[in-house]
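Listed here are the chains, written in short residue letters.
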Amino acid sequence: MKNLVDLEKKVNSELTTKIKSSKIKHNQLYLNIDPDDLLEVILFLKNNDETKFKQLIDITAVDYPEKNNRFKIVYFLLSHENNLRIQININI
């Protein structure tokens, strides 16, 4: 994986039913997924020979009291080998 565009294509092609949306912004790939798909998405990103996201940088949560699914959990992953970052968002 050399760049974010290739990474986005790879993730969307391999995890077609798991990715609700994806976009590239601020030199990161942003993924929105369902909570039930978290484990499968994380394991794919970690174990795939092309992605190699071996480091969890941070986990945080955001509260939106006005929304029905008011909490968003955010995971930040880093691939040292590819020098790429991913942000995974889950609304619960």
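Turning next to the packing of aromatic side chains. Per the counting criterion, the structure on display carries 0 aromatic pairs. Here the basic side chain of lysine 25 rests over the ring of tyrosine 30, its NZ or CZ set 5.6 Å away from the ring centre. For the cation-ring pair, lysine 67 lies above tyrosine 64, with the distance from its terminal atom to the ring centre recorded as 4.6 Å.

One non-glycine residue with positive phi stands out, namely asparagine 27, at about 60°. Mapping asparagine 27 onto the fold places it in the loop between strand E1 (19–25) and strand E2 (28–33).

Turning our attention to the pattern of salt bridges. Note on pairing: side chains with opposite charge can pair once their charged atoms come close. For the coordinates displayed, the defined rule picks out 7 salt bridges. When the shortest N-O distance is used, the salt bridge between glutamate 14 and lysine 10 registers 3.4 Å. Here glutamate 14 pairs with lysine 10, and both are found in helix H1 (residues 4–14), just 4 residues apart, close to one helical turn. A residue is classified by how much of its surface remains accessible, and lysine 10, at 15% relative accessible area, is buried. The salt bridge involving aspartate 63 is made with arginine 70; its shortest N-O contact spans 2.7 Å. A residue is classified by how much of its surface remains accessible, and aspartate 63, at 36% relative accessible area, is partly exposed. Since its relative accessible area comes to 33%, arginine 70 is described here as partly exposed. The network of salt bridges with common partners includes Lys10, Glu14 and Glu50.

Relative to the assigned elements, threonine 17 resides in the loop between H1 and E1. Residues threonine 17 and isoleucine 33 lie 16 residues apart in sequence; the distance between their C-alpha atoms is 9.5 Å.

Residue position: asparagine 89 is located in strand E5 (residues 84–91). At 3.0 Å, the side chain of asparagine 89 forms a polar contact with the side chain of glutamine 87.

A few words on the environment of leucine 7. The topology assignment puts leucine 7 in helix H1. Considered as a pair, leucine 7 and aspartate 49 are 42 residues apart in the sequence and their alpha carbons are 12 Å apart.

Conventions we followed
Residues numbered from 1 in each chain as written. Predicted model: local features only at pLDDT ≥ 70, side-chain atom pairs only at ≥ 80, totals over all residues. Heavy atoms only, no water. Phe/Tyr/Trp six-rings, centres within 6.5 Å; stacked < 30°, edge-to-face > 60°. Lys NZ or Arg CZ within 6 Å of the ring centre and 35° of its normal. Helix = DSSP H or I, 4+ residues; strand = E, 2+ residues; numbered from the N terminus. Salt bridge = Lys/Arg side-chain N within 4 Å of Asp/Glu carboxyl O. Buried < 20%, exposed > 50% of the residue type's maximum accessible area, 1.4 Å probe, protein only. Polar contact = N/O pair within 3.5 Å; in protein donor to acceptor, adjacent residues only side chain to side chain.

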